[in-house]
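For reference, the chains in residue letters:
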Amino acid sequence: MQSVLDLFHHTVTSPWVFLVIFTVTAVDAFFPAVPGETVVITAGVFAAGGEPNLVAVIVAAGLGALAGDHVSYAIGRGGGANRLARLPAHSRRRASSEWARRAVDRRGGSILTTSRYIPGGRTAVTLTMGAVGYPPLRFLFFDAVATGSWALYCALLGYFGGLAFEQDPVRALLAGVGLSLAVTGLVEVVRWLRRRAHRRPAVHR
């Protein structure tokens, strides 16, 4: 963590920092091992001190995430759609793919927006939406909303952490990352409770 902080500290005053933010958040969208949230939160921490510009951080993060999500969507659309089309008409995998298609048709926007806050989950959702042929323009619209809100959320976590711990950026970063993990955990708990609630009526039938 400290090494990442030191590296970022040396680049925050350079315009290259926005390219770093864009690249990391883009790659994180289809390769979840890359710490996109951490980089944006770190930039927000330093933005509390004046550099880099907070609005530019949010824009770079949002555009990077948007680009990365579209790469993931294109991968799903290119490879997944062809494989789904070749599945036997009455196979279990074909039935599952049709269920996924109906789910994203009905609730694609809310699924995409919610999954953006779950590392790994967002990659699975964007790949699936590409594979089942979710309309590109609708994907662009809902993904712009999702990535814009995500970028604002991550940057502001770091920014307010930086204001609260002005003399201790490490503590500010830890606070921001901790809150991000807590929100991710809360989203997962809500999703689990909703799945459990939906299963109960089916069991009692």
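About the thresholds
Residues numbered from 1 in each chain as written. Predicted model: local features only at pLDDT ≥ 70, side-chain atom pairs only at ≥ 80, totals over all residues. Heavy atoms only, no water. Helix = DSSP H or I, 4+ residues; strand = E, 2+ residues; numbered from the N terminus. Buried < 20%, exposed > 50% of the residue type's maximum accessible area, 1.4 Å probe, protein only. Contact = heavy atoms within 4.5 Å. Areas by Shrake-Rupley, 256 points an atom, 1.4 Å probe, with all protein chains shown as cover. Core = buried A, V, L, I, M, F, W, Y, C linked by side-chain atoms within 4.5 Å. Salt bridge = Lys/Arg side-chain N within 4 Å of Asp/Glu carboxyl O. pLDDT = per-residue confidence, 0-100.

Scanning the protein chain from terminus to terminus reveals 8 helices and 0 strands. Reading the protein chain from its N terminus to its C terminus gives the helix and strand order α-α-α-α-α-α-α-α. The buried share among the 205 residues of the protein chain stands at 40%. Within the protein chain, counting contacts between residues at least 6 apart in sequence, those at least 24 apart form 77% of the total. Accessible surface for the protein chain amounts to roughly 11300 Å². Of this, 67% is attributable to carbon and sulfur atoms.

The tendency in soluble globular proteins is for nonpolar side chains to be buried side by side. Ranked by size, the top nonpolar core spans 22 residues in total, and within it Ile-21, Val-40, Val-57, Ala-61, Trp-150, Cys-154 and Ala-155 carry the most contacts. Listing elements by their share of this core, those giving two or more residues are α2 (16-30), α3 (36-47), α4 (54-85) and α7 (136-164). Setting aside chain neighbours within four positions, we find Ala-155 in contact with Val-40, Gly-44, Leu-54, Val-57 and Ile-58. Counting 8 residues, the second-largest nonpolar core is a separate cluster that includes Val-125, Met-129, Val-132 and Tyr-134.

Moving on: the pattern of salt bridges. Applying the stated criterion to the full structure yields 3 salt bridges. The closest approach of N and O atoms between Arg-122 and Asp-28, which form a salt bridge, is 2.4 Å. Of this pair, Arg-122 sits in helix α6 (residues 121-131) while Asp-28 sits in helix α2; the two residues are 94 residues apart in sequence, bridging distant segments of the chain. A salt bridge links Asp-69 to Arg-116; the nearest nitrogen and oxygen atoms lie 2.7 Å apart. Highlighted residues: Asp-69 in helix α4 and Arg-116 in the loop between α5 (92-115) and α6, separated in sequence by 47 residues. Per residue, the accessibility class of Asp-69 equals that of Arg-116, and both read buried.

Along α6, the residues that are buried comprise Arg-122, Thr-123, Val-125, Thr-126, Met-129, Gly-130 and Ala-131. Phi turns positive one or two residues past the end of α6, at Gly-133, with a value near 75 degrees.

Residues with a pLDDT of 70 or more make up 61% of the protein chain, whose mean pLDDT is 75. The secondary-structure element of the protein chain with the lowest mean pLDDT is helix α8 (residues 169-204), recorded at 56, while α2 shows the highest, at 91.

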